[in-house]
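Summary of structural features
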Amino acid sequence: MTTSAMDHSHLIFSALFPVPSLSHTTPTPSATADLGFAQPGEPFEGSFVNNPAGQHRTARRNIAWSTATGFLALPKTTSDSDGGFRVHRPLKTQEVEEALRYLLVGEGKSGDAEGVKQEGLLEWYRDEVRLHFAGAVRPVVTELWEKPVSLQHAWDVLEETQRILQQDQDQCLRPFVEHIAPILTQSSFSSSMTFNANDDSQNGPEALYEQMQRDIHALFAYSIPERRFSQTLGYVLYDAGCNLFRLYIRQGKTSETGASEDTRAIRVRMTNLLQNLARVGLGGDTAQKACAHAMDKLMASFIESHFLKVDWYSKQSIVSQLQTWVENGFAPLVHLAMECLQCDLTDQETSELQQWQDMALGRLGRARVDNLFDFVINWAKSLGGILDIKEYLKLPDAKQYLVTHFSKQISRRLLHPGATTTYILNVYISVIRVFHELEPKGVLLERVARPIRRYLRERSDTARIIISSLLTDINDAQDTKFGPGSELSREIAREMQKPMTNLNQDADEDLNWNDMNWQPLPSDASLDYKKSKMDDVIWFLLTLWDRDDFITEMKTIFGEHLLKCQDPEYEKEIRLLELIKIRLGDDKLQACEVMLRDILDSKRINAAIRTNLTTVPPSTPNNPPPHTPPNFGPKTPQLRQTRSSTKHRTPAPTSVPGAAKPEITLSAQILSSNFWPTLRDDIFKIPTPISELQASYARQFEAIRGMRKLDWIPALGDTSVVLELEDRTVEVNATTFQASIIYAFQAQPGEEWAGSKGKGKSKSKAQGITRNVEQLEEMLQMDEGLVRQGLAFWVGKSVLRESHQDTFAVIENLSTLSSSNADDAAAAQEMAEAQAQAAASTVKSQTDLLKEKKGLYSQFIVGMLTNQGNMPIMKIGMMLKIAVPGGFPYGGEELKGLLGWMIEEGRLADLGGGVYGVRKA
Amino acid sequence: MKVTFKSWNAVAFWRWDMPADDVCGICRNPYESTCSKCKYPGDDCPLLVGDCNHSFHMHCIFSWLRQESSQEKCPMCRQRMSFNGLPRCLIQEV
Ligand SMILES: [Zn+2]
Ligand SMILES: [Zn+2]
Ligand SMILES: [Zn+2]
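Our subject in this report is the structure included herewith. (Residues numbered from 1 in each chain as written. Chains lettered and ligands numbered in written order. Predicted model: local features only at pLDDT ≥ 70, side-chain atom pairs only at ≥ 80, totals over all residues. Heavy atoms only, no water.)

**Some points on the overall build of chain B**
Summing up its helical and strand segments, chain B has 2 helices and 3 strands in all. Element order for chain B, N to C, with α for helix and β for strand: β-β-β-α-α. Taken across its 94 residues, chain B has 48% of its residues classed as buried. Of the contacts formed within chain B by residues at least 6 apart in sequence, a portion of 38% connects residues at least 24 apart. Just so you have it, chain B exposes about 4,800 Å², and 48% of that area is on carbon and sulfur atoms. (Helix = DSSP H or I, 4+ residues; strand = E, 2+ residues; numbered from the N terminus. Buried < 20%, exposed > 50% of the residue type's maximum accessible area, 1.4 Å probe, protein only. Contact = heavy atoms within 4.5 Å. Areas by Shrake-Rupley, 256 points an atom, 1.4 Å probe, with all protein chains shown as cover.)

**Some words on the coordination of the zinc ion (ligand 3)**
Coordination of the zinc ion (ligand 3) by the protein comes from Cys52 of chain B (SG), His54 of chain B (ND1), Cys74 of chain B (SG) and Cys77 of chain B (SG), over a distance range of 1.9 to 2.3 Å. Relative to the metal, the 4 donor atoms surrounding the zinc ion (ligand 3) lie at angles of 103 to 115°, and the coordination shape comes out tetrahedral. (Donors = N, O, S within 2.8 Å, 3.2 Å for Na, K, Ca; no water. Tetrahedral: all angles 85-135°; square planar, octahedral: opposite > 155°, others 65-115°.)

**Focus on the coordination of the zinc ion (ligand 2)**
All names here are of chain B. Donor atoms from the polypeptide that coordinate the zinc ion (ligand 2) comprise Cys35 (SG), Cys38 (SG), Cys45 (SG) and His59 (ND1), at 1.9 to 2.3 Å from the metal. Metal-centred angles of 94 to 121° between the 4 donor atoms at the zinc ion (ligand 2) mark the site as tetrahedral. Mapping the donors of the zinc ion (ligand 2) onto the primary sequence yields the spacing C-x2-C-x6-C-x13-H. In this pair, cysteine 45 is assigned in the loop between strand E1 (2-16) and strand E2 (47-49) and histidine 59 in helix H1 (residues 58-66), connecting sequence segments 14 residues apart. The exposure class of cysteine 45 is buried, given its relative accessible area of 0%. Taking the relative accessible area as the measure of exposure, histidine 59 reaches 27% and is therefore partly exposed.

**Let's talk about the environment of serine 602 of chain A**
All names here are of chain A. Summarising the element assignment, serine 602 is placed in helix H25 (residues 590-613). What makes serine 602 buried here is its relative accessible area of 1%. Residues serine 602 and isoleucine 670, 68 residues apart in the sequence, show an inter-C-alpha distance of 5.6 Å. In this structure serine 602 touches Ala668, Gln669 and Ile670, once residues within four positions along its chain are discounted. Polar contacts involving the side chain of serine 602 include one to the main-chain amide nitrogen of isoleucine 670, which spans 2.8 Å. (Polar contact = N/O pair within 3.5 Å; in protein donor to acceptor, adjacent residues only side chain to side chain.)

**Describing the pattern of salt bridges**
Residue and element names in this part refer to chain A. Per the stated rule, a full pass over the model turns up 36 salt bridges over all chains. For arginine 464, the salt bridge identified is with glutamate 560, shortest N-O distance 3.1 Å. Of the two residues, arginine 464 sits in helix H19 (residues 462-470) while glutamate 560 sits in helix H23 (residues 547-564), which places them 96 residues apart along the sequence. Assessed through its relative accessible area of 30%, arginine 464 is described here as partly exposed. Residue classification places glutamate 560 among the buried residues on the basis of a relative accessible area of 7%. Arginine 680 is the partner of aspartate 682 in a salt bridge, and the nearest nitrogen-oxygen pair spans 3.4 Å. Ionic contacts of the salt-bridge type, sharing partners, join the residues Arg433, Glu491, Arg494 and Glu495 into one network. (Salt bridge = Lys/Arg side-chain N within 4 Å of Asp/Glu carboxyl O.)

**A few points about helix H16 (residues 398-413) of chain A**
Over its 16 residues, H16 of chain A extends 22 Å from the first C-alpha to the last, a length consistent with the 22 Å expected when each residue adds 1.5 Å. Looking at H16 of chain A, one finds that the buried residues are Ala398, Tyr401, Leu402, Val403, Phe406, Gln409 and Ile410 of chain A. (Expected span 1.5 Å × (residues − 1).)

**Quick notes on the interface of chain B and chain A**
Listed by partner, the interface residues are 29 residues for chain B and 61 residues for chain A. Together, the buried faces of chain B and chain A total about 4,400 Å²; carbon and sulfur atoms form 55% of this surface. The largest share of the area that chain B buries against chain A comes from Met1, Trp8 and Phe13 of chain B, three residues that together contribute 23% of it. Across the chain B-chain A interface, the total number found is 7 salt bridges. Between aspartate 43 of chain B and arginine 705 of chain A there is a salt bridge; the shortest N-O distance is 3.4 Å. Where chain B packs against chain A, one counts 31 residue pairs in polar contact (both at pLDDT 80 or more). In terms of residues, the side of chain B that touches chain A owes the most to one element, E1 of chain B, which gives 15 residues. (Buried area = accessible area lost by both parts, 1.4 Å probe.)

**Structural notes on the packing of helix H29 (residues 773-780) of chain A against helix H30 (residues 784-796) of chain A**
Residues and elements named next belong to chain A. Following both chains from N to C, one finds H29 and H30 inclined at 115°, their axes separated by 10 Å at the closest point. As judged from the angle between their axes, H29 and H30 are roughly perpendicular. As H29 runs across H30, the sense of the crossing is right-handed. Contacts from Val773, Leu776 and Glu777 of H29 reach H30 at Glu784, Val787, Arg788 and Leu791. In terms of residue class, the contact of H29 with H30 is made up of 4 nonpolar, no polar and 3 charged. (Axes fitted to C-alpha atoms, helices over the stretch in contact; angles between N-to-C directions. Parallel < 35°, antiparallel > 145°, perpendicular 65-115°, else oblique. Left-handed = near helix turned anticlockwise from the far one by under 90°. Nonpolar A, V, L, I, M, F, W, Y, C, P; charged D, E, K, R; others polar.)

**Some remarks on the pairing of strand E4 (residues 708-724) of chain A**
Each regular strand carries side chains that alternate between the two faces of the sheet. Within E4 of chain A, 14 of the 17 residues are buried, leaving the element largely enclosed by the surrounding structure. Taken together, the 13 bridges between E4 of chain A and E1 of chain B define a ladder with antiparallel strand orientation. Across the sheet, residue leucine 723 of chain A finds its bridge partner in E1 of chain B, namely valine 3 of chain B. Where E4 of chain A and strand E5 (residues 729-735) of chain A come together, 7 bridges link them in antiparallel fashion. Note on E5 of chain A: the bridge partner recorded for valine 722 of chain A is glutamate 731 of chain A. Where E4 of chain A folds back onto E5 of chain A in an antiparallel hairpin, the turn is made up of 4 residues. (Pairing = 2+ DSSP bridges.)

**Here we look at the packing of aromatic side chains**
Within a pair of aromatic rings, the relevant descriptors are the distance that separates the centres and the angle that separates the planes. Under the criterion given, the structure shown has 18 aromatic pairs over all chains. Ring plane angle 50° and centroid distance 6.3 Å describe the contact between tryptophan 124 of chain A and tyrosine 125 of chain A, whose orientation is recorded as tilted. Comparing tryptophan 124 of chain A with tyrosine 125 of chain A, the two get one shared label, buried. Aromatic rings pair up to connect Phe302, Trp325, Phe330 and Trp356 of chain A into one cluster. One cation-aromatic arrangement involves arginine 597 of chain A over tyrosine 40 of chain B; the distance from NZ or CZ to the ring centre is 4.0 Å. Here arginine 708 of chain A stacks its cationic end above the ring of tryptophan 14 of chain B, 4.4 Å away from the centre of that ring. (Phe/Tyr/Trp six-rings, centres within 6.5 Å; stacked < 30°, edge-to-face > 60°. Lys NZ or Arg CZ within 6 Å of the ring centre and 35° of its normal.)

Purely geometric stuff here, so don't read any function into it on its own.
This is the structure we're talking about:
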């Protein structure tokens, strides 16, 4: 069979290629150019044996070669035939057919002729394709890609490239398909009996076709800069995605309208492009990576534009929406793109969807975490954002990301000297609440809160603010009380409002009576000590310190607070103590309990004694009875009044001075000395009527409580003072020392006073009683500093004015007050208020201790400034630290206070810009 | 100007009417404080003055006297402990 077929073809060949055609010049492979005449050689297999024209094989092959290559030749330059594409292929004559057959499957096929390897036609064609591409196509492609592709041309460049390559691929493969493959197919079919199958599949037409296609694709791929191609394709896919998902973020893009009808077109265009690119071999790794990259970016953009908005209104997580989008929008798009690129997607489909879901959630979550601090500040409006983060935390590594990034936000935005302690506490409380929502187990909270807790511990006013806030009634506190600079935290006060019943439940849990190993909470126990405490903000606050330290601090603040407390029932105070006992155990709280008991006891003792006292001073029968009920009563509402009360009071008694002796209600707080913090102990003489009342009170106390005596503390306490002046009556709440000072401005026996009768009005108007500082020190046995503080207070109330240096006069008539006096009064009031703040502190503070040594310091400062001239405050501070015996353990604020005081004293002058100098006399 | 006080809130420390400000010879706490067992000072944890003129927190001296080794003597002066001439068994019943 084979032999006859070969014979037949040979016959046709020789008929068509007569000998003269040997001299015909046609494209001849160089490899055959210098071959001589064939020598008689070993016979070839198959038909060669019977080949009658054997010795002329070389010549004949050359002829056939020329014919075949001439027929198959491809253009080599771009100028050839319309940009190198349209080939005017000559008609396929019988001669061509014969030549092809001869070279492909006939005796001219290939192989060794006379020991020299001859090039086969297929190999030649491959070279031809390569040469053709280099000469005719690559320049065109190169031109498209040699410069960076602008975004608006990205689609066009890719499509044009694809078109060119597709056309070229078709052009190169068509001759193979149309002219070469049929011959090979025929041959392999006919030879399938004799050649083994392996040989067949390697050299069969399909394999050859694929080989050729691979070659061409390689040529294409190498002709395009990979990076640029990948970026361009990436952009195009991103652009398509943006359009499909209605993302209008490309700069300069104006067409927001008509997007919906575009959608289908864009999908088609993208699908076509990808499929076509795959067809010319550009759908491989590079394209797939570009696609993945684009999809990633697309997701980022989409999350940014659609999902970054926190749901502030309905406070929901938007994660489920995001997941819906990934499942129904994003994943199908990616799938489509990958499918077009002919990726094998079958088995990864489901796991990839999960990956994309996680990827989307990760992106959203990280974006949310980056704003977590703002969510904390805006809690609980930010619940939606927090719930998103909560979903995100299900991903691996999310917790670590959160801890790292939130800690950075905390240290940058919260833990700096500019933040007030109140603010830090408020934020900390929000952190507790937010993290309770995020992760009820509390592990994350413990980690992120650690630096906050450390920082709060270092601040000296933290405990004071916490305890004072816990003792503040949120209901009757004005908003200003919780202002930004406030020492009170509304958040803490609000926590205190929470019903006690919850706390009692906690208590039962904590104090598990059956648990024999129960112990009071260890100090700053690891916070997961009790998971159920996670939302117990107060517990977190109370455990900021070592328990003993906290209780020491608590004792001071609680004591001070009790002395000033205005609530006759002491409800909050009782409650706070209960609350602390519940949370920290009642160990070592004795001092606080004794203080509270002292105050409550005092109330009862007052009720008992005051009834008796009222009969002591002579009173006129038509005087109204005292406000207090005669019997033991729980309420003593009139007794403790605000020092700076804004409430409208009942008008002062209108009785003529001296006509009837009005009653004075004396009440006392009787303290157990060993349990109270160190209290102010300034000594001075209080007004005689008061000391008489006190003596009487003490006697009655001793009668009630046998074996006990009272030691009065003049510096503590307060009073409601009524001043009857020539033109007005003033009622003021004052501290005892302020009251004692103004009392000393009353006319002494033998002294005239403006309001007294029998004096010419014209003279009296101008003159009230005057006292100088020295006189007052003498009269009251009072410290100079305290005298001056008290005087400033009354100047601020426009009751006194400084008539000469250090001499003060009563302003009997406001009409005599000049405007400069009014200014003085305003200034003094400001000053006095600041002082009143300081004076209000009944417990000795660091500032008080500074005051005790201020004589030493001020002496040193005056000496230094006298000798060395004016100095900035910084330098003064430094010098004090270096040169004063015992150093100067205070900061800039205290030093400023000291200098301010020295200015008040008239010893220093503030020269501006923080520079101080000695005041010239 | 005439100054009158409508009300005056004073503050005082109470103390036991004792000649010297001292501590309880048994618990070493001040008299105005409590014995080691009590929470509240004052009436809840009163003092007892012995006929030897030594005084103690009542709870302190009672638990002292309850011990065999005390032999009912004052821990300070070793005199027989009595209160206003009464033996302590009567005091306890009061
Ligand atoms: Zn004792
Ligand atoms: Zn006791
Ligand atoms: Zn004794």
